Amino acid sequence: MTDTSFPDDFLIGAATAAHQIEGNNVNSTWWALEQRAGSFVSEPSGDAADSLHRWPDDLDLVASLGYHAYRFSIEWARIEPAPGQFSRAMILHYQRQIDGCIERGIVPVVTLHHFTEPLWFAKTGGWAGDNAAELFARYVGAVAHILEPVPWIATINEPNMVACAIGTLRRATGRAPAEPDDVPGAPLGPPDEAVAHGLTAGHHAVRELLHESVPGAKIGWTIANQVVQAAPGGEQHADRYRERIEDRFLRESVHDDFVGVQAYSRNVFGPDGPVHDDAPDTRTLMGWEYFPDTLEHAVRHTREVVGNVPILVTENGIATSDDTRRIAYTRSALEGLQRAMADGVDVRGYLHWSLLDNYEWGSYRPTFGLVAWDKDTFDRHPRESARWLGHVARTRRLA
Ligand code: BGC
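My aim in this report is to walk through the structure given alongside it, one point at a time.

About the cut-offs
Residues numbered from 1 in each chain as written. Predicted model: local features only at pLDDT ≥ 70, side-chain atom pairs only at ≥ 80, totals over all residues. Heavy atoms only, no water. Buried < 20%, exposed > 50% of the residue type's maximum accessible area, 1.4 Å probe, protein only. Helix = DSSP H or I, 4+ residues; strand = E, 2+ residues; numbered from the N terminus. Pairing = 2+ DSSP bridges. Salt bridge = Lys/Arg side-chain N within 4 Å of Asp/Glu carboxyl O. Contact = heavy atoms within 4.5 Å. Near = heavy atom within 4 Å. Polar contact = N/O pair within 3.5 Å; in protein donor to acceptor, adjacent residues only side chain to side chain. Areas by Shrake-Rupley, 256 points an atom, 1.4 Å probe, with all protein chains shown as cover. Nonpolar A, V, L, I, M, F, W, Y, C, P; charged D, E, K, R; others polar. Axes fitted to C-alpha atoms, helices over the stretch in contact; angles between N-to-C directions. Parallel < 35°, antiparallel > 145°, perpendicular 65-115°, else oblique. Left-handed = near helix turned anticlockwise from the far one by under 90°.

### A closer look at the pairing of strand β2 (residues 69-73)
Taken across its five residues, β2 has five buried, putting it largely inside the fold. As paired strands, strand β1 (residues 11-15) and β2 are joined by three bridges and run parallel to one another. Of the residues in β2, the one forming a bridge with G13 is A69. Both β2 and strand β3 (residues 107-111) contribute to a ladder of five bridges, which runs parallel. Bridging across to β3, F72 finds its partner in V110.

Dropping the structure here:
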């Protein structure tokens, strides 16, 4: 019989990101993009879930559900709205949130960059700019003192997605030379090399800085694990895609204290490019294949690339309007995680994406939340899945 229990110190909880739940992040790159006519964005983020004001309610909810940990991000665009001008009020705001976790017995997992940055940073060239790493480190230096109670700090969320999305966009709009793409039909092209360099340098600079200023904390970054698989004849495409979108970034984690794994679905390549064998009507609200085993594959693969660096699952979840399906997906994903752990993969926790329905980078339609909220009153409504995960957390066992 398989053991369905998790270790006593295994963390179970939920994750969010500032721009997706706080609302009115008006000095950020994403806010600007949302206002631009003709962009791919179908609706602006607006007030989001108003967690900028309602974070105490959200933390109360996390605690009452029985979760051990909560991942959220600090918004650089709020901390440093103009170059070198730091908002003491916003630094205190995030300090209260971190302290609020501790007071409620919740382990805070803090991300320092989750896809958004101040608009002025983009104007300096963003992650491709000459001083990107220094500017990122200057911002982190301004908040380092509030991170003292935080045991898990993620420097940058999904640098692989950021670099590959920018590379793809720049080539598509003629701002970078088209590359003869060696992987036909791949969802994303190769990373923008300057952006990949800036993100990596920023991660390493901030890791050093935090090792000195927050010596007790574990520092890492989080990688979107695409779970790249090959159908017969597709091995070469799969290997190339996996290397450029994932493994080269994972290898930058080998000296980190942990690596965040984020997995939702998978990419399968045949000899002519991506293959999709699933029925379209079984896909999630993101249009992704329903494939809960992805998490098991992701942590096993991460272990192969990074060796014994501890893993924290910093995101895993499903966009669905059917909460029963959310529970089924999460249960299967956790069963897979337990199989990998039983084989010796060192996983320290699981943070479900997401605590709340949130702004899914252009639209509110894909609902990832364990908790829904009323769009007029912002009242929170935990779904059955939220309580189900709370039971798993309280018992540290899959019932
Ligand atoms: C991101 C989240 C996003 C989620 C679902 C991850 O790539 O970190 O911000 O909402 O996936 O798409």
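Back to the write-up after that little detour.
### With respect to the pattern of salt bridges
This model, assessed by the stated rule, comprises 22 salt bridges. The salt bridge involving R300 is made with D343; its shortest N-O contact spans 2.9 Å. One end of the pair, R300, is in helix α11 (residues 294-306); the other, D343, is in the loop between α12 (323-342) and β11 (347-353), with 43 residues separating them in the sequence. Judged by its relative accessible area of 56%, D343 is exposed. Connected through shared salt-bridge partners, D293, E296, R300, R339 and D343 make up one network.

### Concerning the environment of A77
Counting through the fold element by element, A77 comes out in helix α4 (residues 76-79). Taking C-alpha positions, A77 is 9.7 Å from Y139, a pair spaced 62 residues apart along the chain. Ignoring sequence-local partners within four residues, the contact set of A77 consists of N25, N27, S28, E117 and P118.

### Let's talk about the site of the ligand
Surveying the vicinity of the ligand reveals 14 residues, the closest of which are Q20, H114, E158, E315 and E360. Here Q20 contributes a side-chain N or O atom positioned 2.7 Å from an oxygen atom of the ligand. At 2.9 Å from an oxygen atom of the ligand is found a side-chain nitrogen or oxygen belonging to H114. Burial of the ligand by the surrounding chains reaches 93%, relative to a free accessible area of 310 Å². Considered class by class, the residues forming the shell around the ligand number seven nonpolar, four polar and three charged.

### What to know about the packing of helix α8 (residues 159-172) against helix α10 (residues 235-250)
Each pair of packed helices can be summarised by the angle the axes make with each other and by the distance between the axes. In the contact formed by α8 and α10, the axes pass within 9 Å of each other and the chain directions differ by 140°. Put simply, α8 runs oblique to α10. Handedness of the α8/α10 crossing: right-handed. Mapping the contact onto sequence places P159, N160, M161, A163 and C164 in α8 and R244, I245, E246 and F249 in α10. Looking at the contact of α8 with α10 residue by residue, the class counts come to six nonpolar, one polar and two charged.

### Section: the side chain of D278
By secondary structure assignment, the location of D278 is in the loop between β9 (273-274) and α11. Reaching out from D278, the side chain makes a polar contact with the side chain of R283 at a distance of 3.0 Å. Beyond its immediate chain neighbours, meaning those up to four positions away, D278 contacts R283 and E289.

### Some thoughts on the sheet that holds β11
Overall, parallel pairing links the eight strands, which are arranged β1-β2-β3-β4-β5-β7-β10-β11 in a closed barrel. Direction aside, neighbouring strands of the sheet carry axes that sit 25° apart on average. Sheet analysis places β1 next to β11, joined by five bridges and oriented parallel. The residue of β11 that forms the bridge with G13 is L351. Against the sheet, helix α13 (residues 384-395) contacts β1 and β11, and its axis sits at roughly 150° relative to β1.

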